[in-house]
Amino acid sequence: MSFGVEFKDITKRYGTDPSAPFAVKGVSFGIEKGTLTTILGPSGCGKTTVLRMIAGLESPTAGQIFIEGREVTTLGPAERNVSMMFQSYALFPHMNVVENVAYGLRMSGVPKETARTRAVETLKNVGLVGYDERMPSELSGGQQQRVALARALILEPEILLFDEPLSNLDARLRRDMREEIRAIQQRLKLTVAYVTHDQSEALAVSDTIIVMNDGLIAQSGTPQEMYERPGSEFVAGFMGEAMLFPGDAKADGLVSLGPLQIVPRQAVTPGKVKVAVRPEAWQIDRSGAGGVRGKLLKRSYLGSLFEYTFETALGNIFVVSPDLAHVLDIGAEVGLSLADHGVSVVRVD
Amino acid sequence: MTKHPNKAVVVWLAIGLAGFVAFPWYAIQDTAWYYVLPEIFQGSETANGLVQAFVNDRPWLLSGLVGLVIAACGLLRTAGKAQSTWLLAGGFVGLAGLGITGFTIGAVGWSVRGLNELFGELTVNQFGMGMGAFVVLLSLIVLFSFGLARRGYFKGDLFVASAVMCCSALLALFIAFPVTKALSGAFFDDNGAWSLAALVGRIADERIWTLGCLRGGYQCGVAWNTLFLALATAFGTTVLGTMMALLAERCAGPKLQAPLRVVALLPIITPPFVVGMGLILLFGRAGIVNQFLEYAFGLEPTRWFYGLLGTWLAQLFAFTPIAFMIMRGVVQGLAPSLEEAAQILHADRRQTFFTVTLPLLKPGLANAFLVGFIESIADFGNPIVVGGQYSVLSTDIFFAIVGAQFDQGRAAALAWILTLFALGIFALQRGLLGRQNYTTVSGKGDSGIPMPLPAGLRRTLYSVVYPWLGFTLIVYVFAFIGGFVQTWGRDYTITFAHFKTAFGLEWGDFGLVWAGAAWNSMFTTLKLAGISAPLTAGIGLMIAYLLARTDFRGRNSFEFVALLAFAIPGTVLGVSYILAFNVPPVELTGTGLIIVICFMFRNLPVGVQAGTAAFKQLDKALDEASLMLRATTAQTLFTVILPLLKPALVAALVYSFARAMTTVSAVIFLVTAENELATTYIIGRVGNGDYGVALAYCTVLIVLMSLIIALIQFTVGERKLGRRKGATTAAVVAPA
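The residue numbers shown here count from 1 along each chain, following its written sequence. All chains are assigned letters beginning with A, and all ligands numbers beginning with 1, in the order in which they are written. Where totals are concerned, whole chains, interfaces and linings use all residues; where local detail is concerned, this predicted model gives features only for residues with pLDDT of at least 70, and gives and counts side-chain atom pairs only at 80 or more. Each side-chain value is worked out from all heavy atoms of the structure, with water and hydrogens disregarded.

> Before we move on, could you go through the overall build of chain B and cite the residues and values that matter?
A run of DSSP states H or I qualifies as a helix once it reaches four residues; a run of E qualifies as a strand once it reaches two. Both are numbered from the N-terminal end. Each helix and strand counted, chain B has 30 helices and eight strands in total. By its C-alpha atoms, chain B is 85 × 65 × 65 Å across when sized along the principal axes. The contact criterion used is simple: two residues touch if any of their non-hydrogen atoms lie within 4.5 Å. The long-range fraction of contacts in chain B, counting pairs at least 24 apart against all pairs at least 6 apart in sequence, stands at 72%. As displayed, chain B has an accessible area near 32800 Å², and 66% of this comes from carbon and sulfur atoms. Per-residue accessibility takes into account occlusion by the displayed protein chains alone, with areas from the Shrake-Rupley method and a 1.4 Å probe.

> Let's hear about the overall build of chain A: which residues, and what values?
Helix and strand counts for chain A stand at eight helices and 20 strands. For chain A, the C-alpha atoms occupy an extent of roughly 75 × 50 × 40 Å along the three principal directions. Exposure classes here rest on a 1.4 Å probe applied to the protein chains alone. A residue is buried below 20% of its type maximum, exposed above 50%, and partly exposed in between. For chain A, the residues scored as buried account for 50% of the 349 residues in total. In chain A, the share of contacts with a sequence separation of at least 24, taken over all contacts with a separation of at least 6, comes to 67%. Here chain A displays about 15300 Å² of accessible surface, and carbon together with sulfur accounts for 49% of that area. Distance from the positive charge centre (36 side chains) to the negative charge centre (41 side chains) of chain A: 1 Å. Lys and Arg are tallied as positive, Asp and Glu as negative. Neither His nor the chain termini are counted. A charged residue contributes its charge at one atom only: NZ of Lys, CZ of Arg, CG of Asp or CD of Glu.

> Lay out the domain arrangement of chain A in plain terms, naming residues and giving numbers.
Note that domain bounds follow an automatic or database assignment of domains. Here the domain parsing of chain A yields domain 1 (3-228) and domain 2 (246-346). On a C-alpha basis, the centroid separation for the pair domain 1 of chain A and domain 2 of chain A is 39 Å.

> A description of unusual backbone geometry should follow, citing residues and the corresponding values.
In most cases, non-glycine residues show a negative phi, while peptide bonds are predominantly trans. You will see that D9 of chain A, though not glycine, has its phi angle at about 50°, which is positive. By the element assignment, D9 of chain A lies in strand β1 (residues 3-13).

> I'd like a rundown of the environment of P259 of chain A, residues and numbers included.
Residue and element names in this part refer to chain A. Take P259: it is sitting in the loop between β12 (255-257) and β13 (260-262). Sequence separation between P259 and M107 is 152 residues, and the spatial gap between their C-alpha atoms is 68 Å. The residues touching P259, leaving out its near neighbours within four places in the chain, are G291 and V292.

> Please set out the packing of aromatic side chains residue by residue, giving values where relevant.
To describe a pair of aromatic rings, you give the distance between the ring centres and the angle between the ring planes. Note on aromatic contacts: the rings of Phe and Tyr and the six-membered ring of Trp form a pair at centre separations within 6.5 Å, being stacked when their planes are under 30 degrees apart, edge-to-face when over 60 apart, and tilted otherwise. Evaluated as defined, the whole model comprises 33 aromatic pairs over all chains. For the ring pair F306 of chain A and Y308 of chain A, a centre distance of 5.8 Å and an interplane angle of 5° mean the geometry is stacked. Each member of the pair, F306 of chain A as well as Y308 of chain A, carries the same accessibility label: buried. An angle of 70° between the planes, with centres 6.1 Å apart, marks the rings of F283 of chain B and W304 of chain B as edge-to-face. Within this pair, whereas F283 of chain B is found in helix α12 (residues 274-283), its partner W304 of chain B is found in the loop between α13 (288-297) and α14 (308-333), the two being separated by 21 residues in sequence. Here a set of aromatic residues connected by ring pairs shows up, and it is made of F103, F174, F177, Y577, F581 and F601 of chain B. The ring of Y14 of chain A has K12 of chain A lying over it, and the distance from NZ or CZ to the ring centre is 5.2 Å. We call a charge positioned above a ring when the Lys NZ or Arg CZ atom is no farther than 6 Å from the ring centre and deviates by at most 35 degrees from the ring normal. Sitting over the face of the ring of Y227 of chain A, R278 of chain A holds its NZ or CZ atom 3.9 Å from the ring centroid.

> How would you explain the pattern of salt bridges if you had to name every residue and give the values?
When the charged atoms of two side chains with opposite charge come close together, those side chains can pair. All names here are of chain A. Each salt bridge in this description consists of a side-chain nitrogen of Lys or Arg and a carboxyl oxygen of Asp or Glu lying within 4 Å of one another. For the coordinates displayed, the defined rule picks out 19 salt bridges over all chains. In this structure, the salt-bridge partner of R118 is E156, at a minimum N-O distance of 3.9 Å. Highlighted residues: R118 in helix α3 (residues 112-125) and E156 in the loop between α4 (141-153) and β7 (159-163), separated in sequence by 38 residues. Measuring nitrogen to oxygen at the nearest pair gives 3.3 Å for the salt bridge that ties D323 to R286. Of this pair, D323 sits in the loop between β18 (315-321) and β19 (333-338) while R286 sits in the loop between β15 (282-285) and β16 (292-301), placing them 37 residues apart in sequence. Residue class for R286 comes out partly exposed when judged on its relative accessible area of 34%.

> Describe in detail the environment of R553 of chain B, supporting the description with residues and values.
Residue and element names in this part refer to chain B. With respect to the secondary-structure elements, R553 resides in the loop between α22 (519-549) and α23 (555-567). A relative accessible area of 63% means that R553 is categorised as exposed. When the C-alpha atoms of R553 and F154 are compared, they prove to be 7.9 Å apart, with 399 residues separating the residues in sequence.

> Account for the sheet that holds strand β11 (residues 243-249) of chain A, naming residues and giving values.
All names here are of chain A. Strand order in the open sheet formed by five strands is β13-β12-β11-β14-β20, with antiparallel pairing between adjacent strands. Single-partner strands in this sheet number two, and they are β13 and β20 (343-346). Direction aside, the axes of adjacent strands within the sheet are offset by 35° on average. At least two bridges found by DSSP between two strands are what make those strands a pair. In terms of strand pairing, strand β14 (residues 271-277) meets β20 through four bridges, oriented antiparallel. Looking across to β20, one finds that K274 is bridged to V346. Axis angles are defined between N-to-C directions and span 0 to 180 degrees, where every axis is a line fitted to C-alpha atoms and, for a helix, only to the segment in contact.

> Explain the nonpolar core to me, using residue names and the numbers behind them.
Among buried residues, the Ala, Val, Leu, Ile, Met, Phe, Trp, Tyr and Cys ones that are joined through side-chain atoms within 4.5 Å form a nonpolar core. F7 of chain A together with I543 and Y577 of chain B are the most contacted members of the largest nonpolar core, which has 282 residues in total. Those residues within four positions of I543 of chain B in sequence are excluded, and the remaining contacts are C167, L171, F558, A562, L604 and V608 of chain B. Listed in part, the 24 residues of the second largest apolar core include L260, F306, F310 and L338 of chain A.

> Explain the domain arrangement of chain B to me, and be specific about the residues and the numbers.
Taken domain by domain, chain B consists of domain 1 (7-151), domain 2 (223-391 + 417-482) and domain 3 (522-688 + 701-716). Its C-alpha centre places domain 1 of chain B at a distance of 51 Å from the equivalent point of domain 2 of chain B.

> So, the confidence of the model for chain B: which residues are in play, and what are the values?
All names here are of chain B. Here pLDDT means the predictor's own confidence in every residue, given as a number from 0 to 100. Here chain B averages 80 in pLDDT, while 92% of its residues score no lower than 70. No element of chain B has a lower mean pLDDT than helix α9 (residues 206-209), which averages 70, and none a higher one than helix α6 (residues 131-150), which averages 90. Between residues 439-446, whose pLDDT stays under 50, and residues either more than four places distant or in other chains, the model counts 12 contacts. Contacts for the low-pLDDT stretch residues 722-736, under 50 throughout, to residues beyond four places or in other chains number 26 contacts.

> Go over helix α8 (residues 196-203) of chain B with me, naming the residues and quoting the values.
Residue and element names in this part refer to chain B. By the burial criterion, the buried members of α8 are A198, L199 and R202. Looking straight down α8, one finds that the buried residues subtend no more than 100° of arc, so they occupy a single side. In α8, the exposed residues that point more than 90 degrees away from the buried face are A197 and V200. As used here, the arc is the angular range of directions from the helix axis to the C-beta atoms.

> Now, about the interface of chain B and chain A: what can you tell me, with residues and values included?
By a widespread convention, an interface's size corresponds to the accessible area lost as its parts come together. Facing the 28 residues of chain B at the interface are 32 residues of chain A. Accessible area that two parts lose when put together, evaluated with a 1.4 Å probe and summed over both, is termed the buried area. Contact with chain A buries surface across chain B, with M628, L629 and R630 of chain B losing the most and accounting together for 30% of the total. Counting the contacts that link chain B with chain A gives one salt bridge. In this structure, E624 of chain B engages R52 of chain A in a salt bridge whose closest nitrogen and oxygen atoms are separated by 2.5 Å. Secondary structure elements with two or more residues in the side of chain B that touches chain A: α26 (620-628) and α27 (633-644) of chain B. Counting residues per element, the side of chain B that touches chain A draws most heavily on α26 of chain B, which supplies seven residues. Three categories are distinguished: nonpolar for Ala, Val, Leu, Ile, Met, Phe, Trp, Tyr, Cys and Pro, charged for Asp, Glu, Lys and Arg, and polar for the others, with Gly belonging to the last. In terms of residue class, the side of chain B that touches chain A is built from 13 nonpolar, seven polar and eight charged.

> I'd like to hear about the side chain of T662 of chain B, residue by residue, with values.
Residue and element names in this part refer to chain B. Residue position: T662 is located in helix α28 (residues 646-662). Assessed through its relative accessible area of 7%, T662 is described here as buried. We define a polar contact as two N or O atoms separated by no more than 3.5 Å, with the added condition that, inside protein, one atom must be a possible hydrogen donor and the other a possible acceptor, whereas residues neighbouring each other in sequence contribute only through side-chain atom pairs. From its side chain, T662 meets the backbone oxygen of A658 in a polar contact 2.9 Å long. Among residues more than four places away in sequence, those in contact with T662 are I268, I269, T270, P271, P272, T679 and M705.

> I'd like a rundown of the sheet that holds strand β9 (residues 208-213) of chain A, residues and numbers included.
Residue and element names in this part refer to chain A. Reading across the sheet, the six strands line up as β6-β7-β8-β3-β9-β10 and stay open at both edges, with mixed pairing between neighbours. Bordering the open sheet on either side are β6 (82-85) and β10 (216-221), each of which pairs with just one other strand. Between one strand axis and the next, the sheet turns by 20° as a mean value, whatever way the strands run. Lying on the sheet, helix α1 (residues 47-55) is in contact with β3 (36-40), β6, β7, β8 (191-196) and β9; it crosses β7 at an angle near 150°.

> Describe the state of the cysteines, listing the residues and the values that go with them.
Only a pair of cysteine sulfur atoms within 2.5 Å qualifies as a disulfide here. Across all of its chains, the model carries zero disulfides over all chains by this definition. Here C166 of chain B is not disulfide-linked; the sulfur of C167 of chain B is the nearest cysteine sulfur, at 7.1 Å.

> Tell me about α23 of chain B, and please be specific about residues and values.
An α-helical turn contains 3.6 residues, so a residue and the one three or four places further along point in the same direction. Here, expected helix span is obtained from the residue count minus one, scaled by 1.5 Å. Compared with an ideal rise of 1.5 Å per residue, which puts 13 residues at 18 Å, α23 of chain B spans 19 Å between its outermost C-alpha atoms and is within 8% of the ideal. For α23 of chain B, the set of buried residues is F558, E559, A562, L563, L564, A565, F566 and A567 of chain B.

And the structure:
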C-alpha cells in the first residue's frame, strides 16, 4: 500500500510563543494514492491547518510529512507537486480567465502560446468553453469555480487539495460540482485531500473520511464505517444527527436502552455506555404497542419525509419517517422500536 | 528554483566577486564611481578591492573575499543544514571582518585611540566605503540570509530571508546607527570624555526647562515652548480636522466636495511654511491688518503676531488637512448600521452621535492627535518663519549646530528631549489604544444610510468650518499674490520682477542660459526627489509586504524600528546624519546621495503605511494561490501583488515625491552650496526679508508639483480589475 500523502506525528502551533496553544496536536495518517480523502470536522478543529501543511503553506512545529514517499517537511509549496483550490477561489482579479489558468505554466517558464493552448484545453476539460477572455468578476460563482479547478489541474499535480470548495455555491450547483470533482479525480487517478465541514458532502465524495476534533483525529474510515460504526460520542454526533442515550452494557454482551435490548456490532466492556441512534433508525408502531412509548409533540413536513418529535421516558426523541401515506396527528400515542441499522454503541467520552 | 536550488547562491557569489574586481572599492571624492571605472586597476583611491588589498597594503579587505570563499564551499553540499553552516560562516566572517575594520580604520589610521597604543600607529588609512564595498557587503548579507533560510528560518524562503535581512541592514545603518551615534553625543563632555554628568547637566539646563513665563518672567524654556505648541497644535488640528471630516461626509452636498478635496491636497503639495508667509503678509509688521490699524486708528505697527500665536496659527493651517484626511477615512469607515441600530433603540440623533458615533471615532482621534503632535514638534519651517523670539527645539537644534555656538553636545541633548517627546506620545497612543480598532468596513456590503447629524452640531460645524475654509483661501491667495507685488507693505505695483530674478531665461552666445537664481536649486530638488521617490515607495511597500504577509522571528522588533522612523523628528534625523556620516566607513556629507537617503528614510513610514493599508484589502489567498502554482515569492510579488497594488504604489510615489520636495527640517543640515534645495533656498530668502522671490518660488513649486502628481497618476494608471460598475468582487476583498 503506497501513500500519496503521509503525516507522521505532526503538531502545529501558530506563532513562536511557546505558550501558544496547539492547532494540531499530534496527527498521523496516510492518504492512499489515487483516492479521495475528506478531512471533516467542526470549525477550529485544525482541518484547514492540516491541508495547508500538505500544501506547504504552513510548516509543522514537529513531525514529518511525506509526499509520494519523499520527505517534504521543510520544502516550500513550489517544490512539492501539489496544487490547491481555495475556498474563495483566489482568482487573480487583474487577469482574464485564460491568463489565470495559464499562470502556473507561465511561471514555470512555458512559452506563452503553448501555455495558452493548454489552458484552453484544460478549461474544456472542466466544461468551460467560450469564456476565455472574460475577467473573473464577470463570471458566476459556478464558472469561477471551474476556472479555479482548471487552474489547479493544469500543472498535472500528484496531489490536489480542496479547501471547502463548495461552500460558496447554491445547493443545486453544489451537487453538480461535487460529482464533477469526483469524476475528474477518478479519471485522472489523482490523490485528493478535501476539507469540508459538511458531513453529507463528505459521505458523497470520499473514499476515506478523517474526522478531526480539537486538533486530533477522532476517527477515520470509509463513509459506511464512519456513519454506521462511529467510535465515539463526538463522531456519532457529527456524522448525521444521531441522538445519544445513556445505556447499560451487561455481562451477556447485550446493551439495554430503557425497555429496549440492543445487540451491539462490536464487543463492549460491561458498564455505562452511550447508545447513538440515527433519526431514521426508529420504527413507529402506530398501535402504541412495543418498545418505548411516546406521544407526538411536533411535526414538520419536508416534502420527501416527515420529521416527528416524540415525548418519551427517555426524553424527547427526534424521528424521521418516510411514510407519507399515514400521517400522525399531534398527541398520537405510539410505540418506538429500533431497526437493525443506524444504531451504535459508543464509549462514554 | 526547483531545478537549480543553488542558482541564487551562485549568482550572489558572482556579484560579490564582481564587487571586488569591477568597481572602485572606496568612495570617490568629487566625482561619481562610474567615471573612474577605467582606473580601477591603478591609483590608491580608485582601485578595486583586490588591488587595494594586495598592492595598496590594505590586507584586511581580504576578509570579505575569505567570506565569499567560505560561502562558496557550501555549494559542494546539498541544499540543507550542512550548506547553511558554510553560508552563515562565510557571511559572518566577511561582514564582521569588513565591518570591524571599517569602523576601526579611518582616514588617519586607527580611529579608536586604544588601538594606537596596542598596535602602534597605522601608516595606511582608508576612506569611506564606495561602490565596490557596497556590492560586496550586499552580497555577503544576501548569502548570510540564504544561510538562515537553508537552516529553516523564514520558512526556507530565500527571497523573504534576503529581503528581511537587507531591509533590516538598511534600517540599522540609516536609522538606528546615526540616531544612536548622535544621541550618544550628549554623554561626552567638552573634553570628549564619557560622563553621565555631562548629559544631566545639558538636559537639566535652565534655558531648556525654566517656567519663567508662568511666573511673569521673560520666557519659558525651549522644551516647554515646544510642548505647549505641540499640544495646542495637535488639539486644534484634531478638532478642526474632525469637524471638517464630519461636514464633508455627513452634511456637505456635492458642491462642497471639490473645495474640500483641494484643501486636503494642499499641504501635500505646498512647503509647510507657505502658510506662515501668507500669514505674515496679513498680520506681520508690514501686513494688511497692521497697516489698516495704523491708517484707521494710528496704531504703531508691531511684531505682535510673531511668536506662539503666529506659529500656532501657521501650524493649524499647515496640519489641519492631515488630520482631516485621517478623520475622513475613519468617518467613512463607520458602519451606518450601528447608528441605525442606536436609533431603532430609541436614541435620538444627538444621543446617537454622542454615545455611538463619537466613541467609535476615538481611535481615529487619537491617531490624528499623535500625527498633529509629531508634525508640530518636527516642524522647522513655520517656527523659523513666524516664530520670532519664541524658540522651539527644532530651531534650537539647528542653531546649536550651524550657529556660532557649534555645540554638538547641546544639539544632542536637545535631540534627546525632542525624541523622548515623540516616543512618549507614540508610546502613550499605543498603550492607551493598544490594538483597539473599530474600523467597521468589511467585505460585506453595509447598506445602511449614514445618519444626518443633529441640527445643533450641524450649525456649529457650519459656523466653524466655512469661515476656516475661507480664511485658508485668503491666506493662500495672499501667498500667491505676494509673489507678484513689488514690496509688500510699501509698494503694491504688480510686477514679474521676482519671477524674473528666480526663473529668468536668457539667450546667450551659447544658446539658452538659465539665468534665474533659483534654477539650480530647483533642478537639484527635482533630481534628488525624483531619485528618492521610487526608492522610498519600493522599500516602503517591500517592508509593508514583509510585515503583512510573512511571519518570522524578530518580526515585532522589525516592525518597531520601521515605525520608529515615523516618530523620530526630521531635525533629529538631519543632525544624526551630519554627525554620523562625515567620517569613514560611511562618508556622505556634502553629497547629493546623503540627501536622497535622508529623503528615503524620512518618508519611509508613508510608503509603509500606504502599503500596509493596501495589503489589508488584498486577500491572502491570492498570494497563496500563486505560490501553489509554483511561482516563486519574487514572481508572485511582481505578477500578482504589484499589479493589484497600483493605487498604493501611486500613493506611495506621490507622497514620497511631494514630501521630498517640500521637506525642510531634516535636509536643512545636509544641503551645501552645490546641493541647494528649493525649500532651503526659500528659507534663506525669507531670512533675508526677500519675500517676493520666496513667494514667487513657492507658487512655481506648487504649480509644478500639481503637474507632476497628475503625471504620476496618469502614467501608473488604474489597476485593471474588469469590475462591473457597482458590483463588488468577493475575490478581492478579504473576508472580515
